[in-house]
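# Notes for the structure review
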Amino acid sequence: MDKVRIIGGRAGRLLPHILPEIDRFRRAGTRVILLVPEQYTLQAEREIIAGLKLPGLMDIDVLSPRRLTRRIRESGGHSALQPL
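As a convention, each chain's residues are numbered from 1 in the sequence order in which they are written. Owing to the predicted nature of the model, reporting of local features is limited to residues with pLDDT of at least 70; listing and counting of side-chain atom pairs is limited to 80 or more, with chain, interface and lining totals taken over all residues. Only hydrogens and water are set aside when side-chain values are computed; all heavy atoms of the structure are taken into account.

### Observations regarding the overall build of the protein
Put simply, the rule is: Only runs of H or I of at least four residues qualify as helices and only runs of E of at least two qualify as strands under DSSP, and these elements are numbered from the N terminus. Burial status follows relative accessibility: with a 1.4 Å probe on protein chains alone, a residue under 20% of its type maximum counts as buried, one over 50% as exposed, and anything between as partly exposed. By definition, residues are in contact when any of their heavy atoms lie within 4.5 Å. Residue exposure ignores everything except the shown protein chains as possible cover, and the areas themselves are Shrake-Rupley values with a 1.4 Å probe.
Counting secondary structure elements, the protein contains 3 helices and 2 strands. Of the regular secondary structure in the protein, the N- to C-terminal order runs α-β-α-β-α. Going through the 84 residues of the protein one by one, you find that 24% of them count as buried. Once local pairs closer than 6 in sequence are excluded, the contacts in the protein between residues at least 24 apart make up 52%. Surface exposure of the protein reaches about 7,000 Å², of which carbon and sulfur atoms provide 55%.

Spelled out as structure tokens, the structure:
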């Protein structure tokens, strides 16, 4: 069974503390979805790549609430776009 862990904290202080946990789940083959504020997605991706010394983010998704909502709707067969 998949589990969801919600960890909250102050901006700019939480990511360094959860990097080892992200790396542990990534190495175990578990999909990691990191939900961050809209304006922080690119910075969070950069910090994960630099902090874990990764070539890219193939197995880690950094999503904003808007992007997560869009993915859920698309996986349910509802397009985000209005039909003509």
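### Digging into the pairing of strand 1 (residues 32-35)
Where we set the bar: Whether two strands pair comes down to DSSP finding at least two bridges between them. The handedness rule is simple: strands pointing away from the viewer, and a clockwise path from the first strand over the helix to the second, make the crossover right-handed.
Burial along strand 1 is one-sided: Val-32 and Leu-34 are buried, and none of Ile-33 and Leu-35, which face the opposite way, are. Judged from the 4 bridges that link them, strand 1 and strand 2 (residues 60-63) form a sheet pairing that is parallel. Residue Val-32 lies in a different strand from strand 2, and its bridge partner there is Ile-60. For the handedness criterion, the β-α-β arrangement of strand 1, helix 2 (residues 41-52) and strand 2 is classed as right-handed.

### Some points on the pattern of salt bridges
Quick note on the threshold: What counts as a salt bridge is simple: a side-chain nitrogen of Lys or Arg found within 4 Å of a carboxyl oxygen of Asp or Glu.
In this structure the tally under the stated criterion is 7 salt bridges. In this structure, Glu-21 and Arg-24 form a salt bridge, with 3.9 Å as the shortest nitrogen-oxygen distance. Of this pair, Glu-21 and Arg-24 are both found in helix 1 (residues 15-27), 3 residues apart, which corresponds to roughly one turn of the helix. Asp-61 is the salt-bridge partner of Arg-31, the closest N and O atoms lying 2.8 Å from each other. Residue Arg-31 is found in the loop between helix 1 and strand 1, and its partner Asp-61 is found in strand 2; the two are separated by 30 residues along the sequence. Salt bridges sharing partners connect three or more residues here, namely Asp-23, Arg-26, Arg-27 and Asp-59.

### Concerning the environment of Glu-38
Relative to the assigned elements, Glu-38 resides in the loop between strand 1 and helix 2. Relative accessible area serves as the criterion here: at 38%, Glu-38 is assigned to the partly exposed category. For the pair Glu-38 and Ser-64, spaced 26 residues apart in sequence, the C-alpha to C-alpha distance is 4.9 Å. Each residue touching Glu-38, except ones within four places of it in the same chain, is listed here: Ser-64 and Arg-66.

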